[in-house]
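# Reading the structure
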Amino acid sequence: MSAAWKHVGSPLRPSPADQALFNRMIKDRHPAPQEQPLALILGVTAELCFLDWPPGTGLFALDSSPEMIAHVWPGDRSSVVAGAW
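Everything in this summary refers to the structure shown in the same document. (Residues numbered from 1 in each chain as written. Predicted model: local features only at pLDDT ≥ 70, side-chain atom pairs only at ≥ 80, totals over all residues. Heavy atoms only, no water.)

### Comments concerning the overall build of the protein
Of regular secondary structure, the protein possesses three helices and three strands. Mapped from its N terminus to its C terminus, the protein presents α and β elements in the order α-β-α-β-α-β. The principal-axis extents of the C-alpha atoms in the protein amount to approximately 40 × 30 × 20 Å. With 85 residues in all, the protein has 39% of them scored as buried. Put simply, 35% of the contacts in the protein that link residues at least 6 apart link residues at least 24 apart. Carbon and sulfur atoms make up 61% of the accessible area of the protein, which amounts to about 5,700 Å² in all. (Helix = DSSP H or I, 4+ residues; strand = E, 2+ residues; numbered from the N terminus. Buried < 20%, exposed > 50% of the residue type's maximum accessible area, 1.4 Å probe, protein only. Contact = heavy atoms within 4.5 Å. Areas by Shrake-Rupley, 256 points an atom, 1.4 Å probe, with all protein chains shown as cover.)

Given below as structure tokens:
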């Protein structure tokens, strides 16, 4: 699947409308100033990595496929765990 991922579209990947909805939800969530925001992405969906996360957000991903992690995840590899979700 990792080799064909660039050809996959909605509903398996978030559409621009989906991404806009996620960004509105993120913006509406106001953590306390002393709180470091944390986010967990189930699957290595690159579109979710590039959302408008607040500065300092700890962004993590979980995916069962080492190939998807290696070829699709655009973020820091140390923030991804291989496992079942």
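### Re the pattern of salt bridges
Taken as a whole and judged by the stated rule, the model has one salt bridge. Residue Arg13 pairs with Glu47 through a salt bridge whose shortest N-O separation is 2.6 Å. Within this pair, whereas Arg13 is found in the segment before helix H1 (16-28), its partner Glu47 is found in helix H2 (residues 46-49), the two being separated by 34 residues in sequence. What makes Arg13 buried here is its relative accessible area of 16%. (Salt bridge = Lys/Arg side-chain N within 4 Å of Asp/Glu carboxyl O.)

### Examining the sheet that holds strand E1 (residues 38-42)
With respect to topology, three strands assemble into an open sheet ordered E1-E2-E3, the strand pairing being parallel. Single-partner strands in this sheet number two, and they are E1 and strand E3 (80-82). The mean angle between the axes of side-by-side strands here comes to 20°, regardless of whether they run parallel or antiparallel. Of the strand pairs in this sheet, strand E2 (residues 58-63) and E3 are connected by three bridges, and their pairing is parallel. Bridge pairing links Asp63 to Ala82 in E3. (Pairing = 2+ DSSP bridges. Axes fitted to C-alpha atoms, helices over the stretch in contact; angles between N-to-C directions.)

### Side note on a nonpolar patch on the surface
Residues Leu38, Leu40, Leu42, Phe60 and Trp85 make up a contiguous nonpolar surface patch of about 590 Å² in total accessible area. Structurally, Phe60 can be placed in strand E2. Looking at Phe60, the relative accessible area reads 39%, which means it is partly exposed. (Patch = residues over 30% accessible without salt bridge, like charges linked within 9 Å, V, L, I, M, F, W, Y side chains within 5 Å.)

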